[in-house]
Amino acid sequence: MTQSRPLLEVKSLSVTFPSEAGPVEAVRGLSYHVMPGEVMGIAGESGSGKSVSSLAVMGLLPRRARIAGSVRFEGEELLGRGDKDLSAIRGGKIAMIFQDPLSALTPVYTVGDQIAEAVQVHQTVSKQAAMDRAVELLNLAGIPNPRERARAFPHEFSGGMRQRAMIAMAIANNPKLIIADEPTTALDVTIQAQILDLLLKAKEATGAAIVMITHDLGVMAGFADRLTIMYAGKPLEAGAVDDLYYRPRMPYTIGLLGSIPRIDAAPGTPLTPIEGSPPSLTNLPPGCPFTPRCPMRVDLCRKVEPDLVRMNGSGEEHFAACHRSAEIEQKNLTGLDIFPAPADRTRDFSRVSDVPVLRITGLKKHYPMVRGAILHRRIGTIQAVDGIDLEIREGETLGLVGESGCGKTTTIMEILSLARPSSGAIEVLDRKTAGMTAQDRFQIRREISVVFQDPMASIDPRMPISDILAEPMLTHGVPADERARRIGELLKMVGLRPEHTSRYPQEFSGGQRQRICIARALALKPKLLVLDEPVSALDVSIRAGVLNLLEELKAELGLSYLFVAHDLSVVRHISDRVAVMYLGRIVETGEVNCVFNHPAHPYTQALLSAAPLPDPRKERARRRIILKGDLPSPANPPSGCRFRTRCQKFADELNDQQRQKCIDVDPVLCEHGNAGSDHRAACHYAEGGKLN
Amino acid sequence: MASLPSPIVESPVETTGNDSRFRLILRRFLRRRLAIAGLSVVLLLFAFAYIGPHFYKWRYDQIDFEAFLQHPSATHWFGTTQNGFDMLALTMRGMQKSLIIGLIGAVLSTGIAAVAGATAGYFAGWADRAIVALIDLILVLPGFLIIAILSPAFHGRTWLIFVVLLAAFQWMITARVIRSMTLSMKEREFVYAARFMGVPDWKIIFRHILPNMSSFLIIDATINVSSLILAEVGLSFFGFGVQPPDISLGTLIGDHWESAQTANGYQFYFPAILLVVLVLSVNLVGDGLRDALDPNAGTAAGKGAGSK
Ligand code: SF4
Ligand code: SF4
């Protein structure tokens with residue numbers, strides 16, 4: 001190690017907010033340091049205090065927050081300094097990148113002006129020079145036609161482009177330190193890969209150190225050098241990434257790592273869920289904050305809060321806060337030793353029958369693009385879904401993957417509304433929706449139900465649980481005594497207490513609410529469940545529990561799932577077959593192992609290579625395909641192959657003649673690989689390249 | 001290794017149930033002293049109008065032949081009119097009518113607004129266009145004049161027609177707001193969930209959409225009470241509103257405004273001052289409710305900590 005002084009040194013930082021329910025202890029005694037040029041990660045779930053702590057470092061917390069401790073930047077204390085002093089440092093030596101760049105950019109100024117302004121605040125240069133520098137920075141940030149784009153307003157940028165602009169602004173003054181707070185959370189996987197790549201480039205260009213804050217242990221693995229895991233405002237474990245990922249020494253870290261589905265794991269590999277949910281930050285009981293959820297807790301844990309202590313066995317800078325970490329270290333305990341292993345769920349494919357529950361053929365959904373409030377002028381057509389085929393058989397899980405804007409939401413909305421599609425056909429249980437009467441449609445609704453992404457938004461907050469669960473049964477005329485019996489049964493089925501029927505949704509945590517949504521979806525004993533990103537709004541430690549529940553229910557009740565997600569590792573974990581969507585088309589489909597082990601379509605290959613792995617060594621060794629640009633507008637898709645504007649194969653491998661074919665001819669989904677398998681890809685030059 | 005504790009069954013974490021939500025609202029409301037004062041005054045005025053007559057020896061339709069045009073005295077607290085009616089009894093009677101008109105009218109107007117706005121927003125299409133056109137039409141019509149012109153038609157019939165007319169010219173702005181709230185609410189996932197379950201549309205509106213706007217509806221209805229009382233007073237003042245033999249604050253003020261400048265001003269001032277006090281207090285209650293039910297719109301301190 002170099003003997004240089006740390007760039008940033010945070011010591012026993014604590015932040016408390018007053019609230020109606022009592023003081024909220026958002027951060028309690030966080031200490032870390034960042035050396036020049038290194039990437040320090042802070043990981044944690046929502047409410048862990050990871051964002052608050054970095055806002056405290058920047059002096060950006062609201063005034064009512066009480067902050068204690070010490071934050072030293074280049075040896076100088078930052079806490080307690082006036083806003084004026086801090087502004088000189090903020091945006092100069094320390095830059096910050098937020099999750100939502102739209103709120104960090106002023107909507108009424110052009111992007112170029114804002115970057116130029118950032119330059120002028122900290123450097124004395126002419127207006128013209130500042131503007132030139134802004135264009136140069138945008139170029140550095142990989143924004144095409146930077147001179148032109150500098151004159152655009154923030155809302156004219158896509159999410160990825162805005163984040164690029166934010167990074168351009170952040171590096172405008174050659175900062176020593178960049179604090180990145182969930183910089184890629186709102187972005188799609190391929191865009192996330194672009195941004196992470198760019199951040200590393202920015203780091204190289206400026207030599208800045210980075211404090212990376214994220215909940216995503218996959219992103220962290222490949223990005224950070226050292227890592228602190230926070231929980232309920234406290235650091236629970238800290239050390240070099242390799243130590244933390246390969247030798248975690250406290251149950252929370254171990255549980256967290258065991259609960260993440262991995263893209264390189266075979267389907268059905270058990271996840272170890274962490275029971276319960278994070279504590280509320282008001283009136284925290286004494287003792288280890290993880291106690292209520294920890295399978296290793298002993299009496300001491302409830303009384304005494306453990307301090308961070310150095311682990312002897314592994315790296316010199318590895319600390320863990322757990323009374324039993326010495327024991328864990330000594331016995332080298334892993335997640336499977338500590339957490340109750342979920343029931344063995346080896347895939348039972350024999351249950352998958354040949355009877356299709358849902359069949360979609362040639363489904364198209366085009367929206368007119370109109371302008372003008374009174375005289376609706378049609379100015380184009382958005383081809384949200386453009387001719388897709390899907391089939392789900394009884395007892396099967398089909399994963400539908402794609403980035404935002406690929407048309408997966410439109411597809412499920414079409415399915416769920418059971419309407420006559422403008423083109424193509426939807427068949428539920430062998431009955432075409434097009435010919436259905438209102439009565440038929442109502443009947444068939446029993447067989448197909450839905451769980452949405454956001455459990456906070458998908459149940460009516462004004463209804464008690466019993467009413468929420470009763471609603472579908474009430475609608476379909478289930479008698480009252482049967483309803484009451486079923487409600488208790490449903491709650492038990494999803495792992496909630498049947499006594500809770502009179503409670504309101506606000507009383508439950510996110511994971512519990514998602515369980516309620518699942519219970520509601522099962523109320524009428526449907527055949528098919530449409531799961532629209534059912535775990536992506538949940539905290540990492542909660543996800544595994546919900547995923548396991550879904551698997552159990554499927555096995556028990558013989559359900560079929562249409563599982564829509566953007567997270568490939570989750571899809572791999574739960575699906576039997578998978579369909580990859582891009583710009584309104586299915587570009588690759590097949591049995592999940594075939595597709596994930598031998599992706600044939602360049603887009604699938606890129607998606608897979610962009611999906612982060614919670615495994616630092618593999619992550620560092622991986623060859624990552626970084627796709628260029630954004631998704632083209634579905635109103636005006638490229639000719640020929642829709643993917644060609646971003647296709648890495650088109651750009652790098654093909655010759656002109658081959659390219660011409662991609663431009664002229666629209667590839668169709670055709671069989672690929674072994675004859676007889678249903679692995680199909682829509683690419684003229686599909687191949688079975690093995691990844692990872 | 002220590003024995004593993006049995007898996008923890010998940011139990012609710014937060015304790016903000018519905019009754020504690022009610023308590024929270026109550027607490028926020030009680031924090032606003034002006035709102036409390038307003039509420040107390042409104043309740044007092046109600047008691048004054050409805051319970052007062054039972055404890056007062058004069059009835060509103062009773063003539064004291066020994067006291068014409070008498071100033072306030074121990075026998076006639078608010079004095080008498082030139083016909084010998086007791087002013088206090090009249091004021092209580094008039095207040096009764098004004099209060100009931102304000103209340104019924106407000107509930108009616110908010111109700112119309114809720115149904116029309118939610119229908120327009122939920123069904124979109126032609127229903128929306130028709131309702132929006134109707135709203136725009138009524139907005140450009142001079143309500144006051146139309147009620148005035150129509151007033152002979154309900155002469156001698158129940159004052160309820162008058163209330164309906166008042167409400168008919170009051171709901172439009174609210175309906176517009178509700179329409180746009182519905183537009184966003186129908187995209188909420190719990191509405192989708194209900195739709196995909198097969199719940200009929202009108203049930204979705206009444207079970208999911210309108211109850212989720214209840215804060216807004218309550219606030220709106222409260223504020224409507226005061227504007228409807230004022231509208232009633234205005235119309236009755238000119239003789240277009242409440243018709244004899246009914247009495248309201250409006251007719252009282254209309255009958256006696258000429259005395260305001262004279263030595264018999266008491267005939268005007270008692271009802272007029274009570275009117276101002278009533279409207280002011282109702283508005284204070286409305287403001288307090290808004291702060292309590294919808295703290296983000298008002299001045300109440302921010303909620304919780306933005307810990308993430
Ligand atoms: S201190 Fe106790 S409760 Fe906390 S993580 Fe360690 S064993 Fe579990
Ligand atoms: S058809 Fe051509 S452009 Fe399209 S994915 Fe294949 S190689 Fe790329």
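Whatever comes next refers back to the structure up there.
Report on the accompanying structure.

About the cut-offs
- Residues numbered from 1 in each chain as written.
- Chains lettered and ligands numbered in written order.
- Predicted model: local features only at pLDDT ≥ 70, side-chain atom pairs only at ≥ 80, totals over all residues.
- Heavy atoms only, no water.
- Near = heavy atom within 4 Å.
- Nonpolar A, V, L, I, M, F, W, Y, C, P; charged D, E, K, R; others polar.
- Core = buried A, V, L, I, M, F, W, Y, C linked by side-chain atoms within 4.5 Å.
- Buried < 20%, exposed > 50% of the residue type's maximum accessible area, 1.4 Å probe, protein only.
- Helix = DSSP H or I, 4+ residues; strand = E, 2+ residues; numbered from the N terminus.
- Contact = heavy atoms within 4.5 Å.
- Expected span 1.5 Å × (residues − 1).
- Pairing = 2+ DSSP bridges.
- Axes fitted to C-alpha atoms, helices over the stretch in contact; angles between N-to-C directions.
- Buried area = accessible area lost by both parts, 1.4 Å probe.
- Salt bridge = Lys/Arg side-chain N within 4 Å of Asp/Glu carboxyl O.
- Polar contact = N/O pair within 3.5 Å; in protein donor to acceptor, adjacent residues only side chain to side chain.
- Parallel < 35°, antiparallel > 145°, perpendicular 65-115°, else oblique.
- Left-handed = near helix turned anticlockwise from the far one by under 90°.

## A look at the site of ligand 1
- As a matter of local geometry, ligand 1 sits amid 13 residues, with Cys288(A), Cys294(A), Cys301(A), Cys322(A) and His323(A) nearest to it.
- Partitioning the shell around ligand 1 into residue classes produces nine nonpolar, two polar and two charged.

## Examining the site of ligand 2
- His601(A), Pro602(A), Cys641(A), Phe643(A), Arg644(A), Cys647(A), Phe650(A), Leu654(A), Cys662(A), Cys683(A), His684(A) and Tyr685(A) make up every residue found near ligand 2.
- Considered class by class, the residues forming the shell around ligand 2 number nine nonpolar, two polar and one charged.

## Overview of the nonpolar core
Residues and elements named next belong to chain A.
- The biggest cluster of nonpolar side chains holds 111 residues, and the ones touching the most others in it are Leu8, Tyr32 and Leu177.
- At seven residues, the largest contribution of residues to this core is made by helix α7 (residues 159-170).
- In this structure, Tyr32 is in contact with Leu8, Glu9, Val10, Met40, Ile42, Val57, Val211 and Thr228, ignoring residues within four places of it in sequence.
- Judged by nonpolar contacts, the second largest core, of 72 residues, contains Leu522, Leu550, Ala611 and Ile625.

## A few points about helix α18 (residues 480-493) of chain A
Residues and elements named next belong to chain A.
- For α18, which comprises 14 residues, the first-to-last C-alpha distance of 20 Å matches the rise-based estimate of 20 Å (1.5 Å per residue) to within 8%.
- Along α18, the residues classified as buried are Arg483, Arg486, Ile487, Gly488, Leu490 and Leu491.
- Buried positions along α18 lie against α17 (465-475) and α19 (510-522).
- Positive backbone phi, approximately 80°, marks Gly495, located one or two places after α18.

## Thoughts on the sheet that holds strand β4 (residues 66-73) of chain A
Residue and element names in this part refer to chain A.
- Read from one edge to the other, the open sheet built from four strands follows the order β2-β1-β4-β5, with strand pairing classed as antiparallel. Of all the strands in the sheet, just β2 (24-34) and β5 (76-77) have a single pairing partner and so form its edges.
- Both strand β1 (residues 8-17) and β4 contribute to a ladder of seven bridges, which runs antiparallel. Of the residues in β4, the one forming a bridge with Val15 is Ile67.
- The sheet strands contacting helix α1 (residues 50-58) are β1, β2 and β4, and the helix crosses β1 at an angle near 110°.

## Digging into the interface of chain B and chain A
- Each side of the interface is counted separately: chain B has 43 residues, and chain A has 63 residues.
- When chain B packs against chain A, the two sides together hide about 4,400 Å² of surface, and 54% of this comes from carbon and sulfur.
- Counting across the interface, chain B meets chain A through one salt bridge.
- Between Glu471(A) and Arg207(B) there is a salt bridge whose closest N-O contact spans 2.6 Å.
- At the surface where chain B touches chain A, the tally comes to nine residue pairs in polar contact (both at pLDDT 80 or more).
- Where the side of chain B that touches chain A is concerned, the elements lending two or more residues are α1 (18-31), α8 (189-197), α9 (201-209) and α10 (214-237) of chain B.
- When its residues are assigned to classes, the side of chain B that touches chain A shows 20 nonpolar, twelve polar and eleven charged.

## Structural notes on the packing of helix α4 (residues 125-140) of chain B against helix α7 (residues 172-185) of chain B
Residue and element names in this part refer to chain B.
- Axis separation between α4 and α7 bottoms out at 9 Å; the angle between their running directions is 150°. One finds that α4 runs roughly antiparallel with respect to α7. In the packing of α4 onto α7, the handedness of the crossing is left-handed. In this structure, α4 uses Asp128, Val132, Ile135, Asp136, Ile138 and Leu139 to contact α7, whose residues at the interface are Met172, Ile173, Ala175, Arg176 and Arg179.

## With respect to the sheet that holds strand β21 (residues 577-582) of chain A
Residue and element names in this part refer to chain A.
- In spatial order, the strands read β18-β19-β20-β15-β21-β22-β24-β23; together these eight strands make up an open sheet with mixed pairing. Strands with a single pairing partner mark the edges of an open sheet, and in this sheet they are β18 (448-451) and β23 (670-671).
- With six bridges joining them, β21 and strand β22 (residues 585-591) adopt antiparallel strand pairing. Bridging across to β22, Val578 finds its partner in Gly590.
- Each of β15 (397-401), β18, β19 (528-532), β20 (560-565) and β21 is contacted by helix α15 (residues 408-417), which is oriented at about 150° to β20, the strand it contacts most.
- Packing against the sheet, helix α23 (residues 602-610) makes contact with β21 and β22, and its axis sits at approximately 105° to β21.

## Concerning the pairing of β21(A)
All names here are of chain A.
- In terms of residue burial, β21 counts as a mostly covered element, since six of its six residues are buried.
- Where burial is concerned, the two faces of β21 agree: the one with Arg577, Ala579 and Met581 and the one with Val578, Val580 and Tyr582 are both buried.
- Where β15 meets β21, four bridges bridge the pair, whose relative direction is parallel. What sits directly across from Val401, in β21, is Val580.
- Following β21, the chain reverses through two residues before pairing antiparallel with β22; Leu583 in that reversal takes a positive phi of roughly 50°.

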